[in-house]
Amino acid sequence: MRIKKTYNDMFSLLIIIFIAMSGLMGIDLYLSSMPSMTNYMNTDKWHMQQSITLYLLGLLAVFLYLALCLISMAESRLSQLVFFILLSRVGNYICR
């Protein structure tokens, strides 16, 4: 039983590391293309910098959501997990 739990812990850790690395890769891609996006969208530098702030806030929300889901799964609290899944669905619907 402990071996399976250790495997699940390692899998959860790998998911968190993958999301962190993909977020950092997104920032690198975003920053390198920022001058051309500024020209294409016909805006100024300040507004593009604010969009980076929004990107980081969204990444933070994903980390918090993932952490709370992992805690809910570890403690076998299905109601919390369902709540956070429904909360993410509502957030996705609002942002469309």
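In this text, all values refer to a predicted model and were calculated from it rather than measured experimentally.

Caption draft 1: Looking closely at the overall build of the protein chain. Scanning the protein chain for helices and strands turns up four helices and zero strands. A buried classification covers 19% of the 96 residues belonging to the protein chain. For the protein chain, restricting intrachain contacts to residue pairs at least 6 apart in sequence, the fraction spanning at least 24 positions comes to 39%.

Caption draft 2: Focus on the side chain of Thr38. Secondary-structure assignment places Thr38 in helix H2 (residues 34–40). Aside from chain neighbours lying at most four places away, what touches Thr38 is Thr43, Asp44, Lys45 and Met48.

Caption draft 3: Region of the structure containing the packing of aromatic side chains. Considering all chains together, one arrives at one aromatic pair under this definition. Here Tyr30 and Tyr55 contribute two aromatic rings whose centre-to-centre distance is 6.2 Å and whose plane-to-plane angle is 15°, an arrangement assigned as stacked. One end of the pair, Tyr30, is in helix H1 (residues 2–32); the other, Tyr55, is in helix H3 (residues 45–74), and 25 residues separate them in sequence.

Caption draft 4: Local environment of the nonpolar core. If you look at the biggest cluster of nonpolar residues, it comprises six residues: Ile27, Tyr30, Met34, Met37, Met48 and Ile52. When near neighbours in sequence (up to four residues on either side) are disregarded, Met34 contacts Lys45, Met48, Gln49 and Ile52.

Caption draft 5: Structural view of unusual backbone geometry. Residues other than glycine seldom take positive phi values, yet Asn42 does so here, at roughly 55°. Along the chain, Asn42 turns up in the loop between H2 and H3. A residue is classified by how much of its surface remains accessible, and Asn42, at 71% relative accessible area, is exposed.

Caption draft 6: Expanded view of the environment of Ser32. For Ser32, the position within the fold is in helix H1. Among the polar contacts listed, one links the side chain of Ser32 to the backbone oxygen of Leu29, at a separation of 3.0 Å.

The rules we used
Residues numbered from 1 in each chain as written. Predicted model: local features only at pLDDT ≥ 70, side-chain atom pairs only at ≥ 80, totals over all residues. Heavy atoms only, no water. Helix = DSSP H or I, 4+ residues; strand = E, 2+ residues; numbered from the N terminus. Buried < 20%, exposed > 50% of the residue type's maximum accessible area, 1.4 Å probe, protein only. Contact = heavy atoms within 4.5 Å. Phe/Tyr/Trp six-rings, centres within 6.5 Å; stacked < 30°, edge-to-face > 60°. Core = buried A, V, L, I, M, F, W, Y, C linked by side-chain atoms within 4.5 Å. Polar contact = N/O pair within 3.5 Å; in protein donor to acceptor, adjacent residues only side chain to side chain.

Any link to function would need more than the numbers given here.
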